[in-house]
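# Architecture and fold: a report
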Amino acid sequence: MKVLWLQSGGCGGCTQSLLCSEPRSLFDELRDAGIEFVWHPALSEASGGEALAVLEACTSGELAFDVLCVEGAMLRGPNGSGRFHLMAGNGRPLTEWVTRLAGHAKWVFAIGSCTAYGGFSANTPGNPLEACGLQYDEQTPGGLLGADFRSAGGLPVVNIAGCPTHPGWIVESLQKLALEGMADTDLDELGRPLFYAGELVHHGCPRNEYYEFKASAEKQSDLGCLMENLGCKGTQAHADCNLRAWNGSGSCLRGGFACIACTEPGFESPGHAFQETPKVAGIPIGLPSDMPKAWFVALAALSKSATPKRVRDNAVVDHLVLRPAIKKKGGGK
Ligand code: SF4
Ligand code: SF4
């Protein structure tokens, strides 16, 4: 399976993330699934005229490829001309290249939240870049290719959202396509592969016990749950970050940072500081996706009244101060 990769209005961080693929090296993993790059701007030797020749051959149909991966937002400005981002050495807008190449690809992948939904470029006040995603403007279908776009393989754009996206999400999506194929039913309502977007970041978070008892961190570095005071959106963010390790063992939560829901459209402009939880009458506005507000309020009150001292005390310090008790046989202390 041949993969062609282009970069546009992004930071390149998704390619950097891809290179951290593990436990096996990226290239071993792809090779064993019969996947190879036709061209990638950061990984291929061909550059300048040679690279342009490859792209021209792909747009003319002379050089066949299977998957078009695009990394970065589509910059349609100024005035819809796309001339804010011209292909180096060629002078044609990247939006034009992407549109033409998408017409030849069997499948089109949006790599990262920029490409999926518009990302930071689209969330600049007033969006002077006229940035958008491949098939979405934030959560509204449309974008550069239009809501009705289907690639030759019959799928809409596959949105491998995340900022950056996890290397495993890219590699596993490519492998799935190469080895068993992909159908509409493998994607969620926002075009994300369900194998990772069918989970919530909250699943597997090491702070789950604090969440259950609503034992909340009050300041950065505290061990408690980050939802009530420090902006965590793990209960609303679709991704398996705490089940699928980043860089061997990590995740934002494991590093002490609240989840900012970077797999969701529009996460870049939450309307408040990322590390703060907006509240009304002391109740967080962003409640868990599946939970009615009244239930949450009732459960939170019940949980707080039953919080063990160990959990309550450990939640507001940066190192454990109380260990779990050891129960002795016979009920003695
Ligand atoms: S999604 Fe994030 S990491 Fe990826 S290119 Fe865009 S800004 Fe960079
Ligand atoms: S810190 Fe966030 S992800 Fe972790 S348990 Fe609390 S709400 Fe869930």
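Residues numbered from 1 in each chain as written. Chains lettered and ligands numbered in written order. Predicted model: local features only at pLDDT ≥ 70, side-chain atom pairs only at ≥ 80, totals over all residues. Heavy atoms only, no water.

## What to know about the site of ligand 2
Counted only if it meets this: The near set for a molecule or strand comprises every residue that places at least one heavy atom within 4 Å of it. A 1.4 Å probe that fits but cannot get out identifies a cavity on a 1 Å grid over protein atoms alone, an open set with protein on both sides within 12 Å along at least five of seven lines counts as a pocket, and a residue lines either if it has an atom within 4 Å of a point. Placement in a cavity or pocket follows one criterion, namely that more than half of the molecule's atoms lie within 2 Å of its grid points. Three categories are distinguished: nonpolar for Ala, Val, Leu, Ile, Met, Phe, Trp, Tyr, Cys and Pro, charged for Asp, Glu, Lys and Arg, and polar for the others, with Gly belonging to the last.
Taken together, His202, Cys205, Arg207, Asn208, Tyr211, Cys225, Leu226, Met227, Cys232, Gly234, Thr235 and Leu253 are the residues near ligand 2. Of the pockets mapped on this structure, ligand 2 occupies the largest cavity. Counted by class, the shell around ligand 2 contains seven nonpolar, four polar and one charged residues.

## Thoughts on a nonpolar patch on the surface
Heads up, the condition is: In this analysis, a patch consists of residues with relative accessible area above 30% that form no salt bridge, clustered at 9 Å for like charges and at 5 Å for the nonpolar side chains Val, Leu, Ile, Met, Phe, Trp and Tyr. The method behind every accessible area is Shrake-Rupley, applied with a 1.4 Å probe, and residues are considered shielded solely by the protein chains displayed. A carboxyl oxygen of Asp or Glu within 4 Å of a side-chain nitrogen of Lys or Arg is what we treat as a salt bridge. Working definition: with a 1.4 Å probe on protein chains only, accessible area under 20% of the residue-type maximum means buried, over 50% means exposed, and in between means partly exposed.
Side chains of Trp295, Leu299 and Leu302 sit close together on the surface and give an oily, nonpolar patch of about 360 Å² of accessible area. For Leu302, a relative accessible area of 57% puts it in the exposed group.

## Considerations on empty space enclosed by the protein
Formally: Grid points are joined across faces, edges and corners, and a volume is the space filled by probe spheres set on the points.
Counted by the stated rule, this structure contains one cavity of 30 Å³ or more. One number sums up the size of the largest cavity: a volume of about 110 Å³. Together, 13 residues line the largest cavity, and His202, Cys205, Tyr211, Cys225 and Cys232 are the ones closest to its centre. By residue class, the composition of the lining of the largest cavity is eight nonpolar, four polar and one charged.

## Concerning the nonpolar core
The following threshold applies: In these notes, a set of buried Ala, Val, Leu, Ile, Met, Phe, Trp, Tyr and Cys residues joined through side-chain atoms within 4.5 Å is what counts as a nonpolar core. Here a residue-residue contact requires only that any non-hydrogen atoms of the pair lie within 4.5 Å.
Grouped together as the largest cluster of nonpolar side chains are 83 residues, with contacts concentrated most on Val67, Leu68, Phe109, Leu134 and Leu174. Setting aside its immediate chain neighbours within four residues, Leu68 contacts Leu4, Leu6, Val98, Leu101, Ala102, Ala105, Trp107, Val108 and Phe109. By size, the runner-up hydrophobic cluster in this structure holds five residues, among which are Ala73, Leu75, Ala122 and Ala131.

## Here we look at the site of ligand 1
Note the threshold: Here a helix means four or more residues in a row that DSSP labels H or I, a strand means two or more in a row labelled E, and each is numbered from the N terminus.
Around ligand 1, the neighbouring residues are Gly10, Cys11, Gly12, Gly13, Cys14, Gly112, Ser113, Cys114, Gly162, Cys163 and Pro164. Broken down by secondary-structure element, the contributors of at least two residues to the shell around ligand 1 are helix 1 (13-18) and helix 5 (113-117). Among the residues forming the shell around ligand 1, the class breakdown is five nonpolar, six polar and no charged.

## Side note on the pattern of salt bridges
Scanning the model with the defined rule gives 19 salt bridges in all. Between Asp32 and Arg24 there is a salt bridge, with its nearest N and O atoms 2.6 Å apart. Among the residues examined, Arg24 registers a relative accessible area of 36% and is labelled partly exposed. Between Arg92 and Glu96 there is a salt bridge; the shortest N-O distance is 3.0 Å. A relative accessible area of 21% places Arg92 in the partly exposed class. Given a relative accessible area of 33%, Glu96 falls into the partly exposed group. Members of the salt-bridge network, linked through shared partners, are Arg24, Asp28, Glu29, Arg31 and Asp32.

## A closer look at the packing of helix 3 (residues 48-60) against helix 4 (residues 94-102)
For any two helices packed against each other, the geometry is given by the interaxial angle and the distance between the axes. What counts here: Axis definition: a line fit to C-alpha positions, over the contact stretch in the case of helices; interaxial angles, taken between N-to-C directions, run 0 to 180 degrees. Orientation categories follow fixed angle ranges, with anything under 35 degrees roughly parallel, anything over 145 roughly antiparallel, 65 to 115 roughly perpendicular, and all other angles oblique.
As a packed pair, helix 3 and helix 4 sit with axes 9 Å apart at the nearest point and diverge in direction by 45°. The angle between helix 3 and helix 4 falls in the class oblique. Contacts between helix 3 and helix 4 involve Leu52, Leu55, Glu56, Cys58 and Thr59 from the former and Trp97, Arg100 and Leu101 from the latter.

## Overview of the sheet that holds strand 3 (residues 67-71)
So the rule is basically this: Pairing between strands requires that DSSP locate at least two bridges from one strand to the other.
The strand order across the open sheet formed by five strands is 2-1-3-5-9, and the pairing between neighbours is parallel. With partners counted over all chains shown, the strands left at the sheet margins are strand 2 (36-39) and strand 9 (158-160), one partner each. Ignoring which end each strand starts from, the neighbouring axes of this sheet average 30° apart. Alignment of strand 3 against strand 5 (residues 107-111), held across five bridges, turns out to be parallel. Bridged to Leu68 within strand 5 is Val108. Packing against the sheet, helix 3 makes contact with strand 1 (2-7) and strand 2, and its axis sits at approximately 100° to strand 2.

## Examining helix 7 (residues 167-179)
In an α-helix, one turn spans 3.6 residues, which is why side chains three or four residues apart end up on the same side. Here is the rule: Multiplying 1.5 Å by the helix residue count minus one yields the expected span of that helix.
Between its first and last C-alpha, helix 7 extends 18 Å over 13 residues, near the 18 Å set by a 1.5 Å rise per residue. All of the buried residues along helix 7 are Pro167, Gly168, Trp169, Ile170, Val171, Ser173, Leu174, Gln175, Lys176 and Leu177. One or two steps after helix 7, the chain reaches Gly181, where phi turns positive at roughly 85°.

## Focus: unusual backbone geometry
In this structure, Pro23 follows Glu22 across a cis peptide bond, with omega equal to 5°. Here Pro23 is to be found in the loop between helix 1 and helix 2 (26-32). Backbone torsion omega between Gly77 and Pro78 reads -5°, so that peptide bond is classified as cis. Mapping Pro78 onto the fold places it in the loop between strand 4 (74-75) and helix 4. Non-glycine residue Lys214 carries a positive phi angle of around 50°. A positive phi is found at Ser221, a non-glycine position, where the angle reads about 85°. With respect to the helices and strands, the residue Ser221 is situated in the loop between helix 9 (208-212) and helix 10 (227-230).

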